[in-house]
Amino acid sequence: MNMGKQELCSDRAPAAVGEYSQGLRVGDFVFVSGQVGRDPATGELAEGIEAQTARTLENILAILEAGGATLNDVVKSSVHLKDMNLFQSFNRVYGTYFTPPKPVRTTVGSFLPNALVEIDVIAYSPLNQLTNRNE
């Protein structure tokens, strides 16, 4: 079985703006780069923490799907909030995107130049499961 890196790209998520991939599939794992609440069609950031959280997770979902995974396959997320006072509002929206057992998560306050939230994820989506989904 080839365990090489497969680059993932989705036009339903903002294009990478630097020297990184939107996502990678490596064997049974899918890694998604940090995403923010930027609309891929307009390039504009959503307004407010709740809208940015939803848009960020929609961007992540698009990249996961490009790798044959879903939000249900996410096992780990890392969240960067511009202001930890936004946590409750962020968490309310975040919680609606995941079903139990919810992924493990780290949430930290970070310097983000424009966005209010940035999230990256790791998903476990076995290749044999992917084959079964497509049948």
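This text goes with the structure placed above it.
Calculation rules
Residues numbered from 1 in each chain as written. Predicted model: local features only at pLDDT ≥ 70, side-chain atom pairs only at ≥ 80, totals over all residues. Heavy atoms only, no water. Helix = DSSP H or I, 4+ residues; strand = E, 2+ residues; numbered from the N terminus. Buried < 20%, exposed > 50% of the residue type's maximum accessible area, 1.4 Å probe, protein only. Polar contact = N/O pair within 3.5 Å; in protein donor to acceptor, adjacent residues only side chain to side chain. Contact = heavy atoms within 4.5 Å. Phe/Tyr/Trp six-rings, centres within 6.5 Å; stacked < 30°, edge-to-face > 60°. Lys NZ or Arg CZ within 6 Å of the ring centre and 35° of its normal. Expected span 1.5 Å × (residues − 1). Patch = residues over 30% accessible without salt bridge, like charges linked within 9 Å, V, L, I, M, F, W, Y side chains within 5 Å. Areas by Shrake-Rupley, 256 points an atom, 1.4 Å probe, with all protein chains shown as cover. Salt bridge = Lys/Arg side-chain N within 4 Å of Asp/Glu carboxyl O. Pairing = 2+ DSSP bridges.

So, on to the side chain of Ser 110. In this fold, Ser 110 is placed in the loop between β5 (104–109) and β6 (117–124). By relative accessible area, Ser 110 is classed as buried at 19%. Among the polar contacts made by the side chain of Ser 110, one reaches the side chain of His 80 at a distance of 2.7 Å. In this structure, Ser 110 is in contact with His 80, Leu 81 and Lys 82, ignoring residues within four places of it in sequence.

A complete count under the given rule lists five aromatic pairs for this structure. Considering the side-chain rings of Phe 29 and Phe 31, the 6.3 Å spacing of their centres and the 35° angle between planes classify their relative orientation as tilted. A ring pair is formed by Tyr 94 and Phe 98, whose centres lie 4.8 Å apart and whose planes are at 40°; its orientation type is tilted. You can call Phe 98 buried: its relative accessible area is 5%. Pairwise contacts between aromatic rings join Phe 87, Phe 90, Tyr 94 and Phe 98 into one cluster. A cation sits over an aromatic face here: Arg 105 above Tyr 94, 4.6 Å from the ring centre.

The next point concerns helix α1 (residues 49–66). Given 3.6 residues per turn, any residue in an α-helix points the same way as the ones three and four places further on. Taking 1.5 Å as the rise per residue, α1 with 18 residues should run 26 Å; its terminal C-alpha atoms sit 26 Å apart, in good agreement. Taken together, the buried positions of α1 are occupied by Ile 49, Gln 52, Thr 53, Thr 56, Leu 57, Asn 59, Ile 60, Leu 61, Ala 62, Ile 63 and Leu 64. Check the buried side of α1 and you find it contacts β1 (5–8), β2 (23–26), β3 (29–35), β4 (74–81), α2 (87–94) and β6. Gly 68 lies just past α1 and shows a positive phi near 80°.

Once that is clear, we can look at the environment of Ala 13. Tracing the chain through its elements places Ala 13 in the loop between β1 and β2. Put simply, Ala 13 and Asn 72 are 59 residues apart on the chain and 18 Å apart in space, counted from C-alpha to C-alpha. Every residue in contact with Ala 13, bar those within four places of it in the chain, is listed here: Gln 22, Gln 35, Pro 40, Asn 59, Ala 62 and Ile 63.

On to unusual backbone geometry, then. Excluding glycine, residues mostly carry a negative phi; peptide bonds, for their part, are mostly trans. Backbone torsion omega between Pro 100 and Pro 101 reads -5°, so that peptide bond is classified as cis. As for its position among the elements, Pro 101 is in the loop between α2 and β5.

Right, let's talk about a nonpolar patch on the surface for a bit. A grouping of Phe 29, Phe 31, Val 75 and Tyr 124 is seen on the molecular surface, where their side chains present a nonpolar patch of about 330 Å² in accessible area. Position of Tyr 124 among the secondary structure elements: in strand β6. Classification of Tyr 124 as partly exposed rests on a relative accessible area of 37%.

This part is about the pairing of β2. Alternating residues of β2 divide into Gly 23 and Arg 25, all buried, and Leu 24 and Val 26, none buried. For β1 and β2, the ladder comprises four bridges, and the chain directions are antiparallel. Bridging across to β2, Gln 6 finds its partner in Arg 25. Between β2 and the antiparallel strand that follows it, β3, lie two residues; Gly 27 among them carries a positive phi value of about 60°.

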